[in-house]
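Chain and residue survey
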Amino acid sequence: MGTVRQPGANRGLRVTASTLKTNVNTKSAEFEKNSRRIVELMTALKNEEARICEGGGSKGIEAQHKKGRLTARERISKLIDPGTHLFELSIYAAHGMYEEWGGAPGAGAITGLAKICGRTMMIIANDATVKAGAFFPMTAKKVIRAQNIAIENHIPTIYLVDSAGVFLPLQEDVFPDTDDFGRVFRNNAVMSAMGIPQLAAIMGMCVAGGAYLPLMCDHILMTEGSGLFLAGPALVQAAIGQKTSAEDLGGAKMHSQISGTVDFREPDDDACIKRIRALVDKMGAPNPSPFSRTASREPLYGGEEIYGVFSEAPGKQYDMREIIARIVDASEFEEYKAEYGETLLCGYARIGGWAVGILANQKKHVQTHARGSDEKRVEFGGVIYTESAEKAARFILDCNQNRIPLIFLHDVNGFMVGKDAEWSGIIRAGAKMVNAVANSVVPKISVICGGSFGAGNYAMCGKAYDPRFMFAWPTAKFAVMSGDAAANTLAEIKLKQLEREGKKVDEKLKQETHAAIKANYDKQTDPRYAAARLWLDAIIDPAHTRDALIGALEAAALNPDIREFKTGVLQT
């Protein structure tokens, strides 16, 4: 795609044009088949997300309204700028978990990025329709993940507090560890010290340890009828025998007039939301971004065509440049070392005007020459070879040198194996690439399009390598190895164990064992499984990949600080 081939002595000389030209036939059966598959997946996801957005259901919503309060989603819709939307993060948190307690849709909290008075803000809101906004283990982790994003990117943060505190039946998994409840308040303090603005609006209950959250923010707002106390009336009576009403103990009027804890007392949710917007409107401007941005230009080809270009079928090839052409500005891509290490594309582009470096696994097989030989060989798409790892490492160093954020597009089977690969130094080259990714100081944003398996996930900036944002398409799968390979291996181990125990292993048992193991493994590689555990920040519509990346780049640009780039020892 986007290339002109000229004859040469050995390989054809390839000159890559800046503007990518498409070779996609949008009328082909394969294109239509691919499109139908992603439409089916997206429809299922949207239906599932709609159910999650109902929170505790109609009864929970009705109970909130009876108290004269808005739901968390109603509050957010009024808070953000008209005509804009919340880019929701971690919507699948706790998906399929805590069923014995009736479930916790969205982990009982809503987090995401939004525009308020034209500024990018992080919103963290308790959903009181879900178990009174109580903190499950995944609730704490979801809030902490949102705070960590805010810390990494210097994003001003608003907390809409309406929570009964820790979900006591699971307190041992909520309370003590570094990614548990107490970390939320530690992050409040760290964010304050970093100068990241924080506003907290108490719009319901705020009790026990959770009462520290608003007190560690820059501004505290509180609505009438809300409560802020370390211990509620019942616990106070049990502990010290003192009888008092909730209002006298920790109501908005008391905290406004007597304790002096609250900065702004508001009559209701609507007034409180207006006050928040007024305060945000008067915040100082952020420091200038160190990253290059020009006027945004739309790609030459529609993002919805990604549906037909991409193929998740094992063994199917597609040209990753076709995907890039539907994401980057004006479909312009300056490809780096285009004729070397061709199974991993590297190049410079702009997305929404932001200059970026892109690393993307090429899914087309390529014909090349064996390392140090004129013998022809075929390199398989989606596999990282020695040459591609070396190229990628060098490219990452260059982007860090020139302050260019990095975008990783995953569809990777892993590193090449075998004698030829080992003799070529694949481990050394892979270590070099992983080192460059790990020590990179510019923002990194990852999108898992298809597979992301084994060490390939690490090299392409998986979750363990601190991407500022981690997105996935509904076609994404990531694990140590693919489902079929893993199922075959695990089934073989299981069957040998049964034979050692003296059990008869016939063909029927073999098939049943393989099917059961594969079904469980496939469940674990589903992106919703990963999103439930916060290994992903969002499952995004492939057609909206560009929009998600623009939003992420805008957020990342709020942090002007880039530390010195060092790699330590590189295996050369």
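Read on for a plain summary of the structure. (Residues numbered from 1 in each chain as written. Predicted model: local features only at pLDDT ≥ 70, side-chain atom pairs only at ≥ 80, totals over all residues. Heavy atoms only, no water.)

1. Some details on the overall build of the protein chain
Put simply, the rule reads: Strands are runs of DSSP state E lasting at least 2 residues, helices are runs of H or I lasting at least 4, and numbering of each runs from the N terminus. Under the scheme applied here, a residue whose accessible area is under 20% of the maximum for its type counts as buried, over 50% as exposed, and between as partly exposed, the area being computed with a 1.4 Å probe on protein chains only. Contact between two residues is taken to exist if any of their heavy atoms lie within 4.5 Å; hydrogens are not considered. Only the protein chains shown count as covering a residue, and every accessible area follows the Shrake-Rupley method with a 1.4 Å probe.
Along the backbone of the protein chain there are 20 helices and 22 strands. Considering only C-alpha atoms, the protein chain reaches an extent of 90 × 70 × 50 Å along its principal axes. Here the protein chain, with 572 residues, has 53% of them falling under the buried criterion. For the protein chain, long-range pairs separated by at least 24 residues make up 73% of all intrachain contacts whose partners lie at least 6 apart in sequence. Summed over its atoms, the accessible surface of the protein chain is roughly 25,200 Å², and 52% of this surface lies on carbon and sulfur atoms.

2. A few points about the side chain of E48
Heads up, the rule is: Counted as a polar contact is a pair of N or O atoms within 3.5 Å, where, for protein atoms, one must be capable of donating a hydrogen and the other of accepting one, and residues adjacent in sequence contribute only when both atoms are in side chains.
One can find E48 in helix 1 (residues 29-53). A distance of 2.8 Å separates a polar atom in the side chain of E48 from a polar atom in the side chain of R528. Apart from residues lying up to four places away in sequence, E48 is in contact with Y92, H95 and R528.

3. Things to note about empty space enclosed by the protein
Just so we agree on the cut-off: Definitions used for this entry: grid spacing 1 Å over protein atoms alone; cavity, a set of points where a 1.4 Å probe fits but cannot get out; pocket, an open set with protein on both sides within 12 Å along at least 5 of 7 lines; lining residue, one with an atom within 4 Å of a point. Grid points are joined across faces, edges and corners, and a volume is the space filled by probe spheres set on the points. Amino acid classes used here: Ala, Val, Leu, Ile, Met, Phe, Trp, Tyr, Cys and Pro are nonpolar; Asp, Glu, Lys and Arg are charged; the rest, including Gly, are polar.
In this structure the tally under the stated criterion is three cavities of 30 Å³ or more. Computed from the structure, the largest cavity encloses a volume of approximately 150 Å³. Mapped onto the lining of the largest cavity, the elements with two or more residues apiece are strand 5 (119-126), strand 6 (157-163), helix 5 (181-194) and strand 7 (198-207). Taken together, the residues of the lining of the largest cavity sort by class into twelve nonpolar, four polar and no charged. Of the volumes computed, that of the second largest cavity is approximately 50 Å³. Only helix 1 and strand 4 (109-116) provide two or more residues apiece to the lining of the second largest cavity. Residue composition of the lining of the second largest cavity, grouped by class: six nonpolar, two polar and four charged.

4. Comments concerning the packing of helix 13 (residues 386-401) against helix 15 (residues 426-439)
The cut-off we apply is this: To get an axis, fit a line to the C-alpha atoms, keeping to the stretch in contact for a helix; angles then go from 0 to 180 degrees between the N-to-C directions. Here the word oblique covers every angle except those under 35 degrees (roughly parallel), over 145 (roughly antiparallel) and from 65 to 115 (roughly perpendicular). Two helices that cross are described as forming a left-handed crossing if the nearer one is turned anticlockwise from the farther one by less than a right angle, and a right-handed crossing if clockwise.
For the pair helix 13 and helix 15, interaxial distance at closest approach is 8 Å and the crossing angle is 25°. Considered as vectors, helix 13 and helix 15 are oriented roughly parallel to each other. Seen along the crossing, helix 13 lies across helix 15 with a hand that is left-handed. Of the residues in helix 15, those in contact with T386, A389, E390, A392, A393, I396 and L397 of helix 13 are I426, A429, G430, K432, M433, A436 and V437.

5. Looking at helix 13
So the rule is basically this: Here the expected length of a helix is defined as 1.5 Å per residue gap, with one fewer gap than residues.
Taking 1.5 Å as the rise per residue, helix 13 with 16 residues should run 22 Å; its terminal C-alpha atoms sit 23 Å apart, in good agreement. Burial of helix 13 is extensive: 13 of the 16 residues sit out of reach of the surface. One or two steps after helix 13, the chain reaches R403, where phi turns positive at roughly 55°.

6. A short note on the nonpolar core
Counted only if it meets this: Definition of nonpolar core: a set of buried residues of the types Ala, Val, Leu, Ile, Met, Phe, Trp, Tyr and Cys, connected through side-chain atoms within 4.5 Å.
One finds I324, I358 and L409 to be the most contacted residues of the largest nonpolar core, which totals 102 residues. Considering every element that reaches this core, the biggest residue donor is helix 4 (residues 137-153), with eight residues. Every residue in contact with I358, bar those within four places of it in the chain, is listed here: I324, V328, F333, L345, C346, G347, A349, F395, I407 and L409. Listed in part, the 27 residues of the second largest apolar core include L344, A421, A436 and Y465.

7. With respect to the environment of E30
Positionally, E30 belongs in helix 1. Along the backbone, E30 and G308 are 278 residues apart, and their C-alpha atoms lie at a distance of 7.4 Å. Ignoring any residue separated from it by four or fewer positions in sequence, one finds E30 in contact with G308, S311 and K316.

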